[in-house]
Amino acid sequence: KLSSVSEVEIDGGSLLDLKADGVTIEAEAAANGMEIKATLGDLKIEVPAAGKKLIFNNLKEGIISHTSDDASNGNFTIEQLGAVASTFFIKSEGTAANALVIDASAGGIDILASDAAAGEDIDIIATGSSINLISTEAIANAITLHAEDGGTIIKNTTGGDNDKDIKLDITG
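Cut-offs applied
Throughout this description, residue numbers start from 1 for each chain and increase along the sequence as written. Per-residue local features of the predicted model are confined to residues with pLDDT of at least 70, and side-chain atom pairs are confined, for both listing and counting, to 80 or more; whole-chain, interface and lining totals are unaffected and use all residues. To obtain the side-chain values, all non-hydrogen atoms of the structure were used and water was disregarded. Strands here mean DSSP runs of E at least two residues long; helices mean DSSP runs of H or I at least four residues long; both are numbered from the N terminus. Note that the radius of gyration is over C-alpha atoms, with the globule rule given as 2.2 Å times the number of residues to the power 0.38. Buried residues are those whose accessible area, probed at 1.4 Å on protein chains only, stays under 20% of the maximum for their type, while exposed residues exceed 50% and partly exposed ones sit between those limits. Every residue pair with non-hydrogen atoms within 4.5 Å of one another is taken to be in contact. For this document, the term salt bridge refers to a Lys or Arg side-chain nitrogen within 4 Å of an Asp or Glu carboxyl oxygen.

Enquirer: Would you mind going over the overall build of the chain in detail, with residue names and values included?
Expert: Along the backbone of the chain there are zero helices and zero strands. Here the chain has a C-alpha radius of gyration of 25 Å; the compact-globule value for 172 residues is 16 Å, and the former is much larger. Taken along its principal axes, the extent of the C-alpha atoms in the chain is 80 × 40 × 35 Å. Buried residues in the chain amount to 0% of all 172 residues. Across the chain, the fraction of contacts at a sequence separation of at least 24, relative to all contacts at a separation of at least 6, is 0%.

Listed below in C-alpha cells is the structure:
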C-alpha cells in the first residue's frame, strides 16, 4: 500500500501501466476534483469488448461540461467517425414530457444532412404523440416550409372527419 498525507507523484517516464482485475482512482476532496490530461495527444478510453458502455454518474444526476472563452476555438464536438453504414444514437429512457431537450440558450439550432443523397432524409416521427412547431418571433416568416427544387406536400391520411381535416387558423 502506498499512502501519503500530502502528495504522491508517480513518474512513469514514457509509460505508466496499471493492470489489475479492477482499478479505482478516487479524488475524495470535493473542492479539488480530478484532472486527467493528455498534453500532446488524445485521451483514449477503450473497452476491448464490443457493446460495452462508458457509464457516467450511475443512479445520480450528471453534467458533461465544456467552457470556452474564445469564439474562434470554442466549438464542442461529439462525433461518429468512419464513413460506414453506422448510426449515432442519442437516447433517453426518461418518462418526463421533456425526456430529451436540445437547448441553445444564446443561439440558433441547425439540423443538417449536409452530404446526404436522395432518400437519406431528415425524419421527425412522433409515434403515439404529436409534433408541434411553435415560434414566438413576431415576423412574417416565423415558420417557413421551403423546398429548394421540389414540391411541398401537406398530407392528412385520416381526413374526412371534421376534427381531422387540415385547418389554417389565422388569428391576430
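Enquirer: Let's hear about the pattern of salt bridges: which residues, and what values?
Expert: The final tally for this structure, using the stated rule, is three salt bridges. Between E35 and K37 there is a salt bridge, with the nearest N and O atoms lying 3.1 Å from each other. A single burial state applies to E35 and to K37, both of which are exposed. When the shortest N-O distance is used, the salt bridge between K44 and E46 registers 2.9 Å. This pair shows no difference in class: K44 is exposed, exactly as E46 is.

Everything listed is a geometric property; what it means functionally is a separate question.
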